[in-house]
Amino acid sequence: MADMASIDDLILRGTNPFDNLRSVNFWHRQKDPEPMVESIHQDAMSVIEATLEQVARDHYTRTIILDGDSGSGKTYLLGRLKRALNHRAFFVYIPPFPQSDYLWRHILRYTVDSLVQVPSGQKYSQLLLWLKSVLLALKQRSLKDRIKENILDLLQTDRQQFIKRLKEIYKQAGTNSIYNADKFFGILHDLTDAKLYPLACEWLRADDLSEESLEALRLKSSIDTEQAAREVLANFGRVAINTQPIVLCFDQLESIARLPDGALDLQSLFNINTKIHDEDKNFLIVISILTNTWEHYKNRIDQSHRARIDREIPLRLINLEQAESLWASRLNGLHRQAQPQPTSLIYPLDFHQLAENFPGGRTNPRDALRLGRDMLQAYKEWLMQTAGTNGAAATHALQSVEPAAQRLHPPATELLAAFKLRWRDELTKMQDSVTRIRHFTSLELIEMLKEALTTLEASEIQAPLLERTKFAGYSFSYQLPQPPNPAGRIGIVWTEDQGMDNFFRVMEACQRVLEQNLCQALYLIRAEGIGKPSLKGHQLYRQIFTAIPHRHLQPDIASVQCLAAYYSLVKDAREGDLVVGSQTIGLKQLQSLTQQAKIWHDCTLLQALGIVTALEPDPNWSEELIVPAISLDSPFPPLPDLGNGHRLTRQVEDYLLSLVRTHPVIGLQTLVQNSLRQFPQVDEAFVDERVQYLCDAKQIKILNPGFPHEGQLVSQV
């Protein structure tokens, strides 16, 4: 802001700094990174840091259980660890695994996905930094062993010479044998080639590569078994003895694969932990889990596996002084802009409200932030009704905030508006981080689609459909809600494997499904190619998917981003971590809000499946506001017309309305700037037009139209 505004003016104009009550995967970029309060959970930080130092010294793998209640800050602590210690270790975030049969491949995939991230303040990815540190360490070792070659110079030499010398060095160093050393060291060399780097990363993350990609890497096969994935992951540990430890962080375990009786398959995870703990070097494994879940399941885990847990660290409640520091960290951004500076670090809030709401003197971080949000919202409402403010008036306004135990649920319209904002934040995050469909495995894509169909009340979802095949996890079947249901039972197969051999095997399995009449309509979802006409897989595909009612649907990236955003909310809801406004939302309420918000009607894949229909254009919508269509991931998609101009216009208007409805008043400039951050494909003139349209439609109003643009305030009518 150009003027030097008072703190009260800033509060009136701005959004609520307490609105973000959730931490995320520490490698996801956040528009507003959560500030740190060093004193919170410092004892847990110290124990983990000391354990990491032990791993760095003796290279023995160790395991830590980090348990806490919902809202205690488990995921946030993982992010804080990464920020504080990324210069001393390589950090890997591993989300919940959808199927236990692919657990090693899942861990390897997300290990590589994390290693290709670029740490703050660095030019290169963790993977390249890791490789550089390996080579530097080997250079030092080679001097001790009187090996005269400069290892770094090997990067400029022939690939085979590079492989040969690394094999010799590791043999002389007495390191455990490297699995498939020729392949692995060859891939390390490929990482230094800008053209081959993406393909080398795909191979390391166990993607099923095309024959052309494998040829470019001088390899004959992808990593396609659990054993191969396990050994490649072990290679990272074997090589890492010469460099920094690798920290594997497991989070959101409420969404991992389940056993036939519905129980979480924690035993499979601890089987993996024991294997790494006993056989691999230089790993620190941190398993984040809800306290109740850990207490419920830990006695079901074999004692031999529980014995591999080196430390259990419970996250305790925080005291009120720490809660006050948390408030100050959230308000600091406003205070720095204010003139004059507030005399209290938590103005306009009051420490006494903490004591009233938490008479036991302790709370968890989320509840402290939730109270801060409600208090600031109440103060903002009071500011609208008075022309002057002072300390006594501020205290009087905040006394109207009911204690946490007495606070009522927000009105349904306000909750829905808050959910729409939460949804838009999640979708924007996915649009930033997910830029290609194969960002996810076919197993993950199927799991996301199943969750969406569950929300849309598809009945009798059965998985798998391709039973007794290695591709079983790529499939399921379901019934559409009644009535109408002209198609009968519908089968879904989603495969993005590039290799044509796997594609042929999937087509064979599809043919058997139809021969056994396991479904009446079979849909293949696939954005990847279907191979040359001369290939058997292509020919079988033509036999199956060119005849009604069976269809091939080519998904677009926007649909995948939509499915991924919803699945992220599902995982939060299962953990008890989904906060909308000030309310914690469970899975059932999430499903209800999702339907009310009509988020699925913009998903072209679900439109193509006949699950939803596109929303009708607003009759008052102007064709002149059409923006260029966003290109799809597939060059020849047979999906419904997106109507991007109408859809984007409606989404921007909905976002503007939701932002106004969740704030008693908000600055016009804040409204416009937040919209531009959420919709980078539009410009300021477009948003200004939409604001004016909503004013003309008497849905919002500008309270002080005679003021300069930066001083104008907006509220709902």
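About the criteria used
- Residues numbered from 1 in each chain as written.
- Predicted model: local features only at pLDDT ≥ 70, side-chain atom pairs only at ≥ 80, totals over all residues.
- Heavy atoms only, no water.
- Phe/Tyr/Trp six-rings, centres within 6.5 Å; stacked < 30°, edge-to-face > 60°.
- Helix = DSSP H or I, 4+ residues; strand = E, 2+ residues; numbered from the N terminus.
- Buried < 20%, exposed > 50% of the residue type's maximum accessible area, 1.4 Å probe, protein only.
- pLDDT = per-residue confidence, 0-100.
- Contact = heavy atoms within 4.5 Å.
- Pairing = 2+ DSSP bridges.
- Axes fitted to C-alpha atoms, helices over the stretch in contact; angles between N-to-C directions.
- Core = buried A, V, L, I, M, F, W, Y, C linked by side-chain atoms within 4.5 Å.
- Parallel < 35°, antiparallel > 145°, perpendicular 65-115°, else oblique.
- Left-handed = near helix turned anticlockwise from the far one by under 90°.
- Nonpolar A, V, L, I, M, F, W, Y, C, P; charged D, E, K, R; others polar.

A separate point is the packing of aromatic side chains. According to the stated counting rule, one finds 12 aromatic pairs in the structure shown. A ring pair is formed by Y541 and F545, whose centres lie 5.8 Å apart and whose planes are at 35 degrees; its orientation type is tilted. Placement of the pair is Y541 and F545 together in helix 21 (residues 536-545), with a separation of four residues, close to one helical turn. Among the residues examined, F545 registers a relative accessible area of 6% and is labelled buried. When the ring of Y655 is compared with that of F679, the centres are 5.9 Å apart and the planes differ by 75 degrees; the resulting orientation is edge-to-face. With Y655 in helix 25 (residues 644-661) and F679 in the loop between helix 26 (668-678) and helix 27 (684-696), the pair connects residues that are 24 residues apart, well separated along the chain. According to the relative accessible area criterion, Y655 is buried, its value standing at 7%. Given the relative accessible area of 1%, F679 is considered buried.

For the bond from A463 to P464, the omega torsion is 0 degrees, close enough to zero to count as cis. Here the amide bond leading from I548 into P549 is cis, since omega sits at 10 degrees, within 30 degrees of zero. With respect to the helices and strands, P549 occurs in the loop between helix 21 and strand 12 (551-553). One non-glycine residue, H59, lies in positive phi territory at about 70 degrees. The topology assignment puts H59 in the loop between helix 2 (42-58) and strand 1 (62-68). With a phi close to 60 degrees, R218 is a non-glycine residue in the positive phi region.

What follows is about the confidence of the model for the protein. The predicted model of the protein averages 86 in pLDDT, with 86% of residues at 70 or higher. Confidence drops under pLDDT 50 across residues 142-152; counting only partners more than four residues distant or on other chains, this segment forms 15 contacts. Across residues 387-398, confidence stays below pLDDT 50; counting only partners more than four residues off in sequence or on other chains, it has 18 contacts.

Judged by pairing direction, the sheet is mixed, and its five strands sit side by side in the order 8-9-10-11-12 without closing on themselves. Only two strands of the sheet have a single neighbouring strand rather than two, namely strand 8 (459-462) and strand 12. Recorded for the sheet is a direction-independent mean angle of 20 degrees between the axes of neighbouring strands. The pairing of strand 9 (residues 475-479) with strand 10 (residues 489-494) spans five bridges and is antiparallel. By the bridge assignment, Q479 is partnered in strand 10 with R489. Strands strand 11 (521-525) and strand 12 of the sheet are contacted by helix 21, whose axis makes an angle of about 135 degrees with strand 11.

The next point concerns the nonpolar core. Grouped together as the largest cluster of nonpolar side chains are 124 residues, with contacts concentrated most on W130, W600 and L606. At 11 residues, helix 22 (residues 557-575) tops the list of elements feeding residues into this core. The residues contacting W600, other than those within four sequence positions of it, are A452, T455, L456, C562, L563, Y566, T594, L606 and V612. Formed by 32 residues, the second largest nonpolar core is a distinct cluster that contains A5, A328, L331 and Y347.

The next thing to look at is the packing of helix 4 (residues 103-115) against helix 11 (residues 266-279). Two quantities define a packed helix pair, namely the angle between the axes and the distance from one axis to the other. Running from N to C, helix 4 and helix 11 point in directions that differ by 65 degrees, and their axes come no closer than 11 Å. When the axis of helix 4 is compared with that of helix 11, the two are roughly perpendicular. Viewed along their axes, helix 4 and helix 11 form a crossing whose handedness is right-handed. Across from L103, W104 and I107 in helix 4, the residues of helix 11 making contact are S268, L269, I272, K275 and I276. A per-class count over the contact of helix 4 with helix 11 returns six nonpolar, one polar and one charged.

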